[in-house]
Amino acid sequence: MREKFFLKAGLLTLSLLLAFIICWEWYLRSKGIPISYDDGPVLWSNKRARVYEPSDRATVFIGASRNKYDIDIPTWEKLTGEEVIQLAMEGESPLPILDDLASDKNFKGKLVVDVTEGLFFTTSPYSTTNPKKNIEHYKKQTPTEKFSFQLNHGLESQFVFLDKDYFSLTAFLNGLQVKNRPGIFKERFFPLEFGRVSFGRQDIMMDKFLTDTNLQKMVTGNWLFFGSMNKEPPATGHVLDSFLVSVKNDCDRIKARGGQVLFVRTPSSGWYWEGEQKAFPRQKYWDQILSFTKCPGIHFKDYPAIDHFICPEWSHLRPADAVVFTENLVQILEKDKSWKFPHKNLL
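Report follows, based on the coordinates. If you're wondering where the values come from, they're calculated on a predicted model, not measured in any experiment.

1. Describing the overall build of the protein chain
Reasoning step 1: A count of helical and extended segments in the protein chain gives 16 helices and seven strands.
Reasoning step 2: What you see for the protein chain is a C-alpha radius of gyration of 22 Å, in line with the 20 Å of a compact globule of 347 residues.
Reasoning step 3: Expressed along its principal axes, the backbone C-alpha trace of the protein chain runs to roughly 80 × 50 × 35 Å.
Reasoning step 4: Out of the 347 residues in the protein chain, the part that is buried amounts to 44%.
Reasoning step 5: Of all intrachain contacts in the protein chain linking residues separated by at least 6 positions in sequence, the fraction that spans at least 24 positions is 81%.
Reasoning step 6: Of the roughly 18,400 Å² that the protein chain leaves accessible, carbon and sulfur atoms contribute 60%.
Reasoning step 7: Computing the positive centroid from 45 side-chain charges and the negative centroid from 42, the protein chain places the two 3 Å apart.

Below, the structure is given as C-alpha cells:
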C-alpha cells in the first residue's frame, strides 16, 4: 500500500510540475517573448572554435555590444556568402580577444574590430575580466562540456522559460527593487525587450522596446549612471601609446599570416555621441588607430548611407536599421576597401 501511495504521489507531483512548466511557457509566449540563448562562455567558445574557417568562408567580429546589435547576421550571410563568427561581448574591451586571435597561429582569416572608444581605450581591469574568462573556458573545455552544450542548445531552442538571465530564481531576486546603501550598489537592470540573443550571438531589440519610451529611458538611465560612475580619464600620453603599440603588434601578427584586419566605428547618437566626441576626439583616437596600425577603417560619419541613424537608446541600432547598416557596410567593403566575397549568394 505504501508503495502505491508513493507512486501516486510521485505521479501527481510530476503532473503538477509538467502543468506548471507548460502554463509558464504558454504565458511567456503569449506575451510575445521569443527564444533567447544564454550568451555565456559556453556559447562564446562554440563560436570561437569556428574561426579556423577559410578566410573566404567566414568573417570574425570582435568588439563591444554595438557589433552584436548592428551587424545583422542573416543580411551579412545572404549578401557575402560568408558565415558571421560573432565574438563581441557587451560592455567589454575587445583587446584580450584581439590578442588571443593574434597569438593563435592557426587563425588567418578576416577580422572586423568594433571601436567603442570608452571600452577600447580603457585601463579598467573590469573590462577585460570576462573576455579573459571566455578565452580560458574555450581553451580548457572538456568533451563532456561540449556534449552538454549540444544538449542544452536543443532545449534552449525550444523553450523560452530556460532564459536564466530573466526567468531564473536568481534573475527574479536581482529584479527586486532594493535601495542602494553605503558601499553597495544594486546591479543595473536592463529590460529583456532591449535584447534577445540569437544562437549566432546577435542581440535583437524587441518591437515593444522600439515603441515604449519608458523602456528606452530605463536603458538611457543606465548609460547616464555608468557615465557618472566612470571617473577614469581617457587614455593619453604613454598610456595611449601603449594601447596603440599593443594593437599594432596584434594586427601585424594576423596580417603576417595572410589575415585581414578592419576597424569599424559603429553608429551612436544623442547624449552618447556628444560625450564620445568630447572625450575621444577623432583625430587623437580613431585616426591614430588607422595611421599607427596601417589597417583600413570605416567610420560611420564618413559615409552618408550610414551616418544618419538615430539609436533608440543612443548606442545601438534598431533591427531594421541594422539591416540597412549591414547592407551598406558590405557595399563599402567591396567598393572602397577591396574586400572580396567570392562565394556571394551561395549560403
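2. A word on the pairing of strand E3 (residues 110-114)
Reasoning step 1: Burial of E3 is extensive: five of the five residues sit out of reach of the surface.
Reasoning step 2: Across the two faces of E3 the burial is the same, with Lys110, Val112 and Asp114 and Leu111 and Val113 all buried.
Reasoning step 3: Note: strand E1 (residues 58-62) against E3, four bridges, orientation parallel. Looking at the pairing, Ile62 lines up with Val113 of E3.
Reasoning step 4: Where E3 meets strand E6 (residues 260-265), five bridges bridge the pair, whose relative direction is parallel. Each bridged residue has a counterpart across the sheet, and for Lys110 the counterpart in E6 is Gln260.

3. Let's talk about the nonpolar core
Reasoning step 1: If you look at the biggest cluster of nonpolar residues, it comprises 35 residues, and the most contacted ones within it are Val60, Ile62, Leu111, Phe120, Phe121 and Phe263.
Reasoning step 2: Counting residues per element, the ones that place at least two in this core are E1, helix H5 (95-103), E3, helix H7 (126-140), helix H13 (237-256), E6 and helix H15 (286-293).
Reasoning step 3: A total of six residues in this core trace back to one element, the largest contributor, which is H13.
Reasoning step 4: Apart from residues no more than four positions distant in its own chain, Val60 is found in contact with Val51, Ile85, Leu87, Leu101, Phe107, Lys110, Leu111 and Val112.
Reasoning step 5: Counting 24 residues, the second-largest nonpolar core is a separate cluster that includes Phe61, Ile298, Phe309 and Cys311.

4. Some points on the sheet that holds E3
Reasoning step 1: On the basis of which strands lie adjacent, the open sheet formed by five strands has the order E2-E1-E3-E6-E7 and parallel pairing. Single-partner strands in this sheet number two, and they are strand E2 (83-86) and strand E7 (297-299). Strand after strand, the sheet turns through a mean of 20 degrees between neighbouring axes, direction not considered.
Reasoning step 2: Seen against the sheet, H15 touches E6 and E7 and runs at an angle of roughly 170 degrees to E6.

5. A short note on the pairing of E1
Reasoning step 1: Across the five residues that make up E1, a large majority, five, are buried.
Reasoning step 2: The alternating pattern of E1 places Ala58, Val60 and Ile62 on one face and Thr59 and Phe61 on the opposite face, and all of these are buried.
Reasoning step 3: Sheet analysis places E1 next to E2, joined by four bridges and oriented parallel. Across the sheet, Phe61 pairs through a bridge with Gln86, a residue of E2.

6. Focus on the packing of helix H2 (residues 41-48) against H7
Reasoning step 1: At a minimum axis separation of 9 Å, H2 and H7 run at an interaxial angle of 65 degrees. With respect to H7, the element H2 is oriented roughly perpendicular. Of the two elements, H2 crosses H7, and the hand of that crossing is right-handed. Contact residues: H2 offers Pro41, Val42, Trp44, Ser45 and Arg48, while H7 offers Asn134, Ile135, His137 and Tyr138.
Reasoning step 2: Split into classes, the residues belonging to the contact of H2 with H7 amount to five nonpolar, three polar and one charged.

Calculation criteria
- The residue numbering used here restarts from 1 in each chain and proceeds along that chain's sequence as written.
- Reporting of local features is limited, given that this is a predicted model, to residues whose pLDDT is at least 70; pairs of side-chain atoms are given and counted only at 80 or more, and all residues count toward the totals for whole chains, interfaces and linings.
- Computation of side-chain values: all heavy atoms of the structure, hydrogens and water removed.
- By definition, any uninterrupted DSSP run of H or I lasting at least four residues is a helix, any uninterrupted run of E lasting at least two residues is a strand, and each is numbered from the N terminus.
- Our radius of gyration is a C-alpha quantity, and the globule rule it is checked against amounts to 2.2 Å times the number of residues to the power 0.38.
- Partly exposed residues are those whose accessible area sits between 20% and 50% of the maximum for their type, while under 20% is buried and over 50% is exposed, using a 1.4 Å probe and protein chains only.
- Note on definitions: a residue-residue contact is assigned when non-hydrogen atoms from the two residues lie within 4.5 Å.
- For the accessible areas, the method is Shrake-Rupley and the probe is 1.4 Å, while residue cover comes only from the protein chains on display.
- We score Asp and Glu as negative and Lys and Arg as positive, and we do not count His or the chain ends.
- For the purpose of locating charges, the reference atoms are NZ of Lys, CZ of Arg, CG of Asp and CD of Glu.
- One bridge is not enough; two strands pair if DSSP finds at least two bridges between them.
- We call a set of buried Ala, Val, Leu, Ile, Met, Phe, Trp, Tyr and Cys residues a nonpolar core when their side-chain atoms join them within 4.5 Å.
- Where helices are involved, their axes are fitted lines through C-alpha atoms of the stretch in contact, as for all axes, and angles between N-to-C directions lie from 0 to 180°.
- What sets the label is the angle itself: under 35 degrees gives roughly parallel, over 145 gives roughly antiparallel, 65 to 115 gives roughly perpendicular, and the rest give oblique.
- In this scheme the handedness of a crossing depends on how the near helix is turned from the far one: anticlockwise by less than a right angle means left-handed, clockwise means right-handed.
- By the convention adopted, Pro, Cys, Tyr, Trp, Phe, Met, Ile, Leu, Val and Ala count as nonpolar, Lys, Arg, Asp and Glu as charged, and the other residues, Gly among them, as polar.

Keep in mind these numbers describe shape, not what the thing actually does.
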